[in-house]
Amino acid sequence: MTGKLISYEVNDSDITIIFEYGKGCIRVVKEDIIRVLCPLEMQEIPSKAIEGDKRQKTEFTVEMEETVLTLRTPALLVKIYDEFFVDFYTADGSMLCSDYREKRVLIPRISERMKKLMQGEGHNAAMLMKESYPVQVVKKMDGDEKFYGLGDKPGFLNKRGYDFENWNTSDPHAQTEAFKALYKSIPFFITLKEKGVYGLFFDNSYKSYVDFGRENSSYFFYGAEGGNLDYYFIGGKKMTEVVANYTYLTGTTPLPQLWTLGYHQSRFGYESAEDIREVAENFRKYQVPCNVIHFDIDYMDGFRVFTWNAENFEKPGALTSELEKKGYRTVTIVDPGVKFDPGYSVYDEGIAGDFFVRDANGDVYINTVWSGETVFPDYGRQKVRDWWGEKQKYLVDIGTDGIWNDMNEPRSFRSDLPDDVQFYDGDRKTNHAEMHNVYGHLMSKASYEGLMRAEEKRPFVITRACYAGTQKYATVWTGDNHSLWAHLQMAVPQLLNLGISGFSFAGTDVGGFGSDCTPELLCRWVQVGAFSPLFRNHSSKGTIRQEPWQFDEETLAINKKFIELRYRLLPYFYDLCHECEETGLPIMRPVVLHYEDDRETWNLNGEFLVGEHMLVAPVLEQGAVKKTVYLPAGVWYDFFTGKPYEGRQYYLLDAPLDTCPVFVKEGSIIPTYEVLQYVGERPYDTLKLLIFPGEGCYVHYQDNGIDFAYRKGEYNLYEFRSDGTGTVRTEMLHEGYRTYKAVETIAITEQDIL
Ligand code: MIG
């Protein structure tokens with residue numbers, strides 16, 4: 001396409017390359033992040049994922065010999081050839097990633113005629129991939145690549161051999177591995193090879209397609225239906241550095257309020273104040289800790305956003321303040337669609353301000369959602385985001401503590417919005433095809449910024465639809481799963497891949513949203529939920545109720561046990577959130593992230609790390625009371641009994657229904673709090689440290705858990721060192737907040753400790 005390499009120019013960090021038929025640009029963002037840009041549609045499309053200038057001053061050299069341009073940074077060697085082929089090497093010349101020079105080989109497996117017939121019968125014989133895309137990058141496969149990331153895609157941890165689509169999609173049917181797209185589009189993945197690791201981030205919001213060697217095992221490719229060829233090669237000596245570099249670009253999850261890490265109860269089906277009150281009372285009655293109750297769409301008046309159904313939910317503010325007195329926080333759902341309803345203030349304001357998207361003819365576009373005929377805010381414009389942000393105040397004033405953004409793919413009942421519906425990207429007129437995948441992202445940004453202005457607290461926004469970088473504004477959940485064992489199994493790799501795609505604060509609907517939960521499934525799901533960053537039980541109208549007490553005493557006791565365990569571990573989770581804000585490393589991590597040289601970890605779908613030092617191996621199968629666990633290098637201690645296990649081995653462990661195998665690595669120090677019924681019941685005055693055998697060091701973070709005072713220095717950082725004999729030395733690395741009244745240590749030996 002671009003033809004022969006002619007010459008180049010260097011301007012700061014940009015190398016403009018002049019080819020026979022066009023220009024390309026290579027930008028040195030930092031020594032191990034290189035941007036490759038080929039403006040196809042326009043010079044530069046402002047990134048939604050990356051905010052601010054991420055360039056760091058980097059020493060680099062560029063040299064041109066006849067047919068190759070060579071760029072060297074301290075970390076990478078990049079070679080650029082005719083046709084804008086680009087190859088990436090480590091600084092010492094070992095090949096990491098190279099462009100595939102030949103044509104893709106599409107094997108037609110079905111005739112067009114037969115395809116139509118089969119579709120008529122309901123088969124999905126329409127293969128997604130096209131012969132070529134307006135934007136396409138094809139990379140060679142050496143044979144040993146493993147692929148991780150890509151956000152919330154279904155299936156297993158390692159995506160090698162599969163293909164996916166990026167087009168934010170809400171399909172309430174039970175997801176299977178055959179689903180190509182879910183709610184989120186995060187076109188970032190990590191390639192792990194014997195000889196190195198790197199990431200690729202394709203910053204393009206159009207519908208796109210990723211094939212990890214399914215079409216042909218000689219290459220993997222990315223194709224997009226529009227926009228620029230605009231991608232980042234993300235280096236790093238280890239997988240953790242690639243994740244850190246990716247989140248350096250797209251942002252890390254900011255520290256949340258402490259209560260958001262507690263247990264959340266939700267249901268699409270709490271239809272009145274009475275329903276909610278009963279739920280709130282039951283948690284306290286059964287002494288099961290709970291911090292948050294979610295209000296689904298029924299609280300609204302006729303599903304009109306930013307209204308309150310006073311008939312069923314009492315007068316605005318009454319129920320929220322009653323709940324607050326019992327220690328509950330409230331999260332209210334907000335959909336993007338605004339009811340087409342002249343006379344309803346939100347609709348009227350939007351029309352007056354010209355805030356809604358228009359169809360190709362220029363009329364305000366209407367589709368149907370919950371409230372019936374609905375119009376859609378055009379969040380790509382600053383003034384629309386500002387307006388939407390302001391609207392959050394309505395709920396904040398009623399006493400809401402968090403905003404839950406749903407349906408923002410955007411989902412509509414009369415099929416997807418047509419591609420040509422007019423949207424704006426800032427002042428530039430564009431269309432749905434370009435803005436679809438960033439709709440939820442921009443809505444979350446508007447909500448986050450609105451909450452930020454409305455009160456002096458760390459905003460809590462949960463969103464379903466995302467683009468790369470949404471982690472800066474919102475927590476995410478994985479949407480409408482079902483109460484199926486297959487979905488409990490999928491939850492683990494899905495959360496792990498979300499984590500390494502920047503989404504540290506994520507969770508699944510515990511117990512499953514659609515279909516009917518069983519007592520056993522709920523018990524096993526709560527064991528995963530207790531270690532998931534967002535811990536929320538949620539279910540759909542019409543399904544069996546699944547609050548902890550809905551089944552039998554055993555189920556209640558098991559729920560209580562694991563919810564209490566979560567409350568004990570809150571300081572550990574909070575420390576991980578603090579670490580995440582700084583480094584971008586997720587809370588819940590695939591074992592491979594810290595043990596990438598150990599091939600046994602490459603495909604571990606049924607166990608995970610929480611932080612670097614805790615390994616959780618939940619039972620994910622119906623009826624199973626044993627679990628096969630792989631422990632990577634080192635000595636690991638059973639969290640509950642202190643029993644040591646030598647790593648680099650598989651173990652078959654007993655795991656009856658009321659247990660979940662958890663291990664802690666030698667030398668670990670795990671901080672714990674007393675179990676309260678909710679965060680805020682009493683101040684956490686005592687920190688209890690569990691000291692596992694072996695020498696170790698742990699940094700603990702503490703602040704007020706609510707606002708941004710920590711950014712002005714109001715926090716404490718403690719460094720605890722254990723010498724391996726149970727003695728712990730403490731050093732204050734930073735003191736800016738009231739310290740604990742007591743720090744107690746418990747030396748773990750082989751005995752029952754919990
Ligand atoms: O399914 O607001 O994923 O969590 O309860 C219809 C009702 C729309 C989808 C969300 C789900 C929520 C439900 N919503």
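Refer to the structure printed above.
Residues numbered from 1 in each chain as written. Predicted model: local features only at pLDDT ≥ 70, side-chain atom pairs only at ≥ 80, totals over all residues. Heavy atoms only, no water.

J.: Even after reading the chapter, I still don't get the pattern of salt bridges, so can you show me in this structure?
T.: Two side chains of opposite charge can pair, provided their charged atoms sit close to one another. Tallied over the entire structure, the rule returns 51 salt bridges. In this structure, arginine 536 engages aspartate 509 in a salt bridge whose closest nitrogen and oxygen atoms are separated by 3.0 Å. Placement of arginine 536 in strand β33 (residues 535-537) and of aspartate 509 in strand β32 (residues 509-510) is noted, with a sequence separation of 27 residues between them. Of the residues examined, arginine 536 reaches a relative accessible area of 1% and is grouped as buried. For aspartate 654, the salt bridge goes to lysine 626, with nearest N and O atoms at 2.4 Å. One end of the pair, aspartate 654, is in strand β40 (residues 649-654); the other, lysine 626, is in strand β37 (residues 626-631), with 28 residues separating them in the sequence. (Salt bridge = Lys/Arg side-chain N within 4 Å of Asp/Glu carboxyl O. Helix = DSSP H or I, 4+ residues; strand = E, 2+ residues; numbered from the N terminus. Buried < 20%, exposed > 50% of the residue type's maximum accessible area, 1.4 Å probe, protein only.)

J.: Explanation requested: the sheet that holds strand β25 (residues 402-405) in the structure shown.
T.: Strand order in this open sheet of 9 strands is β31-β30-β28-β25-β21-β20-β19-β33-β32, and the pairing throughout is parallel. The outermost strands of the open sheet, each flanked by one partner alone, are β31 (506-507) and β32. In this structure, strand β19 (residues 263-265) lies alongside strand β20 (residues 292-295), joined through 2 bridges in parallel fashion. The partner of glutamine 265 across the bridge, within β20, is isoleucine 293. (Pairing = 2+ DSSP bridges.)

J.: Looking at this model, I keep getting lost on the state of the cysteines. Mind explaining?
T.: Here, the word disulfide means a covalent bond between the sulfur atoms of two cysteines. Under the counting rule described, the total for this entry stands at 0 disulfides. Its sulfur unpaired, cysteine 466 is 14 Å from the next cysteine sulfur, which belongs to cysteine 580. For cysteine 466, a relative accessible area of 0% corresponds to the buried category. (Disulfide = S-S within 2.5 Å.)

J.: I would appreciate a short explanation of the site of the ligand in the present structure.
T.: Around the ligand, the structure places 13 residues, and the nearest of them are Asp296, Asp406, Arg464, Asp480 and His538. Measuring from a nitrogen atom of the ligand, one finds a side-chain N or O atom of aspartate 406 at 2.7 Å. Take arginine 464: an N or O atom from its side chain is 2.8 Å from an oxygen atom of the ligand. The protein chains hide 93% of the 340 Å² of surface that the ligand would expose on its own. (Near = heavy atom within 4 Å. Polar contact = N/O pair within 3.5 Å; in protein donor to acceptor, adjacent residues only side chain to side chain. Areas by Shrake-Rupley, 256 points an atom, 1.4 Å probe, with all protein chains shown as cover.)

J.: Explain helix α6 (residues 345-353) here, please?
T.: Each full turn of the α-helix corresponds to 3.6 residues, which orients residues three or four apart in the same direction. Listing the buried residues of α6 in full gives Val346, Tyr347, Gly350 and Gly353. Each buried residue of α6 sits inside an arc of 140° when the element is viewed along its axis, so together they form one side. Once α6 ends, the next one or two residues include aspartate 354, with phi positive near 60°. (Arc of directions from axis to C-beta.)

J.: Whenever I open this one, unusual backbone geometry confuses me. Can you help?
T.: Negative phi values dominate among residues other than glycine, just as trans dominates among peptide bonds. Here the bond from glutamate 409 into proline 410 is cis, since omega is -5°, no more than 30 degrees from zero. Mapped onto the secondary structure, proline 410 falls in the loop between β25 and β26 (422-425). Its identity as a non-glycine residue notwithstanding, glutamate 83 has a phi of 65°, on the positive side. Summarising the element assignment, glutamate 83 is placed in the loop between β7 (76-81) and β8 (86-90). We note that serine 415 has phi near 60°; this positive angle belongs to a residue other than glycine.

J.: What exactly am I supposed to notice about the sheet that holds strand β6 (residues 68-72) here?
T.: Two pairing modes exist for strands in a sheet, parallel and antiparallel, and in both the strands are linked by backbone hydrogen bonds. Reading across from one edge, β5-β6-β7-β8-β9 is the order of the 5 strands in this open sheet, with antiparallel pairing throughout. Edge positions in the sheet fall to β5 (61-65) and β9 (95-98), since each has one partner strand and no second. In this sheet, adjacent strand axes meet at a mean angle of 15° when their direction is disregarded. (Axes fitted to C-alpha atoms, helices over the stretch in contact; angles between N-to-C directions.)

J.: Where do I start with the packing of helix α3 (residues 273-285) against helix α5 (residues 318-325) in this structure?
T.: The angle between the axes and the distance between the axes are what describe a pair of packed helices. Between α3 and α5, whose axes approach to 11 Å, the crossing angle comes to 5°. Taken together, the axes of α3 and α5 lie roughly parallel to each other. Contact with α3, carried on its side by Ala273, Ile276, Arg277 and Ala280, involves Leu319, Glu322 and Leu323 of α5 and no other residues of that element. Residue classes in the contact of α3 with α5 are distributed as 5 nonpolar, no polar and 2 charged. (Parallel < 35°, antiparallel > 145°, perpendicular 65-115°, else oblique. Contact = heavy atoms within 4.5 Å. Nonpolar A, V, L, I, M, F, W, Y, C, P; charged D, E, K, R; others polar.)

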